[in-house]
Amino acid sequence: MNAGLYFHIPYCVKKCDYCDFYSVNRTDGQKIYFEAVRKEMEGYRGKRIAVDSVFFGGGTPSVADPMELAALLEQAREIFSFSSDTEITIELNPKTFHREKLLIYCNSGVNRISMGLQSANNDELSKLGRIHTKEEFLSSYELLREVGFSNINTDIIYGLPDSDLHSLERTLSFLRELDCEHISAYALTLNDNSPMYRRGYRFPDDDGVYEQYRLVCEMLSGYRHYEISNFVKQSESPCRHNLKYWQRAPYLGFGAAAHSFFEGCRWSNPEDIHCYVQGIQQEIQPEKEKVSQEDSFSETMMLSLRTDKGVKYADLPQGFYEKNRKLLEQFEASGYLTMGENGFRLTEAGFFVSNSILTALL
Ligand code: SF4
């Protein structure tokens with residue numbers, strides 16, 4: 001199976017108030033960071049691993065020097081065996097790029113863009129601590145189209161502070177007008193240290209969040225809802241790179257906080273730029289963990305049930321179906337799950353309560 005490559009670019013102009021991804025709000029020191037990432041990649045030279053997806057995530061890859069990203073791609077093409085239709089995605093933030101940067105991405109083979117909108121309501125964007133307004137997002141989006149990008153994902157978040165169905169409807173209507181190929185819609189999740197917690201906002205309760213989720217599904221019904229949080233135009237393909245995570249396909253992650261799953265092992269890099277760079281310079285290998293058969297099964301269930309393809313009976317351990325048949329039938333009767341000849345999958349209502357279903361089944 002072809003592998004995916006992930007590059008973590010841990011720099012942001014400013015930390016958003018809800019963000020839990022590893023990134024720092026400064027942009028200096030990038031030269032030494034990219035040197036380390038290139039050295040990490042060198043470890044695979046000579047293995048000729050087949051690759052058909054690349055993802056630059058972060059952080060905000062578009063705050064990095066675009067020539068550094070182009071150099072990473074050039075080196076990756078030398079070391080790995082790229083298929084001719086390799087999907088190459090870069091995450092961008094509005095206001096962090098201009099035409100020249102986009103042309104460098106285009107010329108180095110980037111063919112998919114992912115850009116965060118999060119909300120089309122400027123008061124919500126300001127509560128989230130985003131650096132852009134709806135209008136600035138729109139002009140960045142129009143520039144992407146002008147330059148020629150024809151595969152664009154837009155992220156939104158629902159369950160926002162002080163939000164209701166009307167504010168979400170405005171965001172979804174705006175999204176539908178954009179007509180982007182792919183949409184990721186996430187429910188807001190905050191950890192205890194999130195600056196948003198301290199501001200005294202009113203958050204929708206569980207029923208309110210569920211109503212918002214239903215509205216997302218309803219207003220994006222022209223799209224294929226192929227994963228809990230992901231929608232793709234019927235005429236387009238799902239994100240090949242992200243599918244690898246849910247299908248337990250191999251992927252190699254480079255850079256601070258990047259995760260890998262390869263040859264049956266999982267490992268991750270330190271969540272700190274300095275520790276990561278030092279580790280690479282001193283040739284310290286991250287600890288690899290072989291995934292046991294039992295964990296493989298749990299992972300298959302957890303990840304496959306996130307998608308509209310669901311789980312195949314053939315991938316379940318012997319006796320699982322017989323043991324859980326009653327439970328599966330109950331979930332089916334409640335409208336959370338559909339059972340077919342070869343396996344079962346969650347419905348849209350089931351996606352929303354997938355954690356409880358998994359807890360019952362595992
Ligand atoms: S731009 Fe993205 S990665 Fe950076 S702080 Fe905001 S949400 Fe997090």
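Computed from a prediction, not measured in an experiment: that's the story for all the values here. (Residues numbered from 1 in each chain as written. Predicted model: local features only at pLDDT ≥ 70, side-chain atom pairs only at ≥ 80, totals over all residues.)

Along the chain, the regular secondary structure elements total 13 helices and 15 strands. At 21 Å, the chain has a C-alpha radius of gyration in line with the 21 Å of a compact globule built from 362 residues. C-alpha extents for the chain along the principal axes are approximately 55 × 50 × 40 Å. Expressed as a percentage of its 362 residues, the buried residues of the chain come to 38%. Put simply, of all contacts in the chain between residues at least 6 apart along the chain, 71% involve residues at least 24 apart. (Helix = DSSP H or I, 4+ residues; strand = E, 2+ residues; numbered from the N terminus. Rg over C-alpha atoms; globule rule 2.2 N^0.38 Å. Buried ≥ 20, exposed ≤ 12 C-beta atoms within 10 Å, placed from the backbone. Contact = placed C-beta atoms within 7 Å.)

Now for the sheet that holds strand S15 (residues 343-346). The strand order S13-S15-S14 describes an open sheet built from 3 strands, whose pairing is antiparallel. At either margin of the open sheet sits one strand with a lone partner, and together these are strand S13 (311-312) and strand S14 (337-339). Direction of pairing for S13 relative to S15: antiparallel, over a ladder of 2 bridges. Directly across from Lys312, in S15, lies its bridge partner Gly343. Helix-sheet contacts for helix H11 (residues 320-333) involve S14 and S15, and the interaxial angle to S14 is about 120°. (Pairing = 2+ DSSP bridges. Axes fitted to C-alpha atoms, helices over the stretch in contact; angles between N-to-C directions.)

If you check the shell around the ligand, you find Cys12, Lys15, Cys16, Cys19, Phe21, Ser23, Gly58, Gly59, Thr60 and Asn93 and nothing else. For the shell around the ligand, a count of residues per class yields 4 nonpolar, 5 polar and 1 charged. (Near = placed C-beta within 6 Å. Nonpolar A, V, L, I, M, F, W, Y, C, P; charged D, E, K, R; others polar.)

Once that is clear, we can look at the nonpolar core. Counting 76 residues, the largest nonpolar core has Leu5, Phe7, Val37 and Tyr158 as the members making the most contacts within it. Composition of this core by domain shows at least three residues from each of domain 1 (3-246) and domain 2 (293-361). Apart from the residues lying within four places of it in its own chain, the contact partners of Leu5 are Val51, Val54, Ala76, Phe80 and Leu252. Judged by nonpolar contacts, the second largest core, of 5 residues, contains Cys16, Leu125, Leu128 and Met196. (Core = buried A, V, L, I, M, F, W, Y, C linked by C-beta atoms within 7 Å. Domains from an automatic or database assignment.)

Attention now moves to the pairing of strand S10 (residues 259-262). As a general feature of sheets, a regular strand has side chains that alternate between the two faces. Direction of pairing for S10 relative to strand S11 (residues 265-268): antiparallel, over a ladder of 4 bridges. Within S11, the residue paired with Phe262 across the bridge is Cys265. Taken together, S10 and the strand that follows it, S11, pair antiparallel across an intervening segment of 2 residues, in which Glu263 is found at a positive phi of about 50°.

Let us look at the domain arrangement of the chain. Partitioning the chain into structural domains gives domain 1 (3-246) and domain 2 (293-361). A separation of 29 Å is found between the C-alpha centroids of domain 1 and domain 2. Contacts between domain 1 and domain 2 engage 9 residues on the former and 9 residues on the latter. For the side of domain 1 that touches domain 2, the elements supplying multiple residues, two or more each, are helix H7 (206-219), strand S7 (223-227) and helix H8 (240-246). The residue inventory of the side of domain 1 that touches domain 2, partitioned by class, reads 7 nonpolar, 1 polar and 1 charged.

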